[in-house]
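# Commentary on secondary and tertiary structure
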Amino acid sequence: MNPLDSSANEFTSIISSGTTTISGKIVLVRVIVNKKGATSNVATLNRLNSPEGKTTIGIIDTTDRVGSIEYGLPCNNGLEIITATGTQADLTIVTRPQA
């Protein structure tokens, strides 16, 4: 399977507040806001550098609009998505395995 082919993509749906971790050596392809959040809802994206550390990729204001944000960003030790404030948005996180 060609890892650059969209058929290699996987997804994670997030519909409740909390922390979601996607483990493994992956590429963050895109984040899709399917339904807006409310009351200051944000999604914080962290690239996991090691079991002890992480780097914040960005903070998405999910109350702004429905749509997708393209990344194409390698995450060698996984990805963490924290949604902890306000009324939760409906998010889809698209990833693919790294080659």
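So, here is what we can say about the structure in this document. (Residues numbered from 1 in each chain as written. Predicted model: local features only at pLDDT ≥ 70, side-chain atom pairs only at ≥ 80, totals over all residues. Heavy atoms only, no water.)

## What about the sheet that holds strand E4 (residues 42-50)?
The strand order across the open sheet formed by 4 strands is E2-E7-E4-E5, and the pairing between neighbours is antiparallel. At either margin of the open sheet sits one strand with a lone partner, and together these are strand E2 (18-22) and strand E5 (53-61). Shown here is a sheet whose adjacent strand axes are inclined to one another by a mean of 20°, direction ignored. By the bridge criterion, 5 bridges tie E2 to strand E7 (residues 79-83) in an arrangement that is antiparallel. If you follow Thr 20 over to E7, its bridge partner there is Ile 81. (Pairing = 2+ DSSP bridges. Helix = DSSP H or I, 4+ residues; strand = E, 2+ residues; numbered from the N terminus. Axes fitted to C-alpha atoms, helices over the stretch in contact; angles between N-to-C directions.)

## Brief notes about the pairing of strand E3 (residues 26-35)
Inspection of the sheet shows E3 paired to strand E6 (residues 67-75) by 7 bridges, in the antiparallel sense. Pairing of Val 33 across the sheet is with Gly 67, part of E6. Bridging between E3 and strand E8 (residues 90-97) involves 8 bridges; their strand directions are antiparallel. Across the sheet, residue Arg 30 finds its bridge partner in E8, namely Val 94.

## A few points about the side chain of Thr 92
One can find Thr 92 in strand E8. Judged by its relative accessible area of 15%, Thr 92 falls in the buried class. Separated by 2.8 Å, the side chains of Thr 92 and Asn 34 make a polar contact. Among residues more than four places away in sequence, those in contact with Thr 92 are Phe 11, Thr 12, Arg 30, Val 31, Ile 32 and Asn 34. (Buried < 20%, exposed > 50% of the residue type's maximum accessible area, 1.4 Å probe, protein only. Polar contact = N/O pair within 3.5 Å; in protein donor to acceptor, adjacent residues only side chain to side chain. Contact = heavy atoms within 4.5 Å.)

## Here we look at the pattern of salt bridges
All chains considered together, the criterion is met by 3 salt bridges. A salt bridge links Arg 30 to Glu 70; its shortest N-O distance comes to 2.8 Å. Taken together, the residues Arg 30 in strand E3 and Glu 70 in strand E6 connect sequence positions 40 residues apart. Its relative accessible area of 23% is what places Arg 30 among the partly exposed residues. Between Lys 54 and Glu 80 there is a salt bridge; the shortest N-O distance is 2.8 Å. One end of the pair, Lys 54, is in strand E5; the other, Glu 80, is in strand E7, with 26 residues separating them in the sequence. (Salt bridge = Lys/Arg side-chain N within 4 Å of Asp/Glu carboxyl O.)

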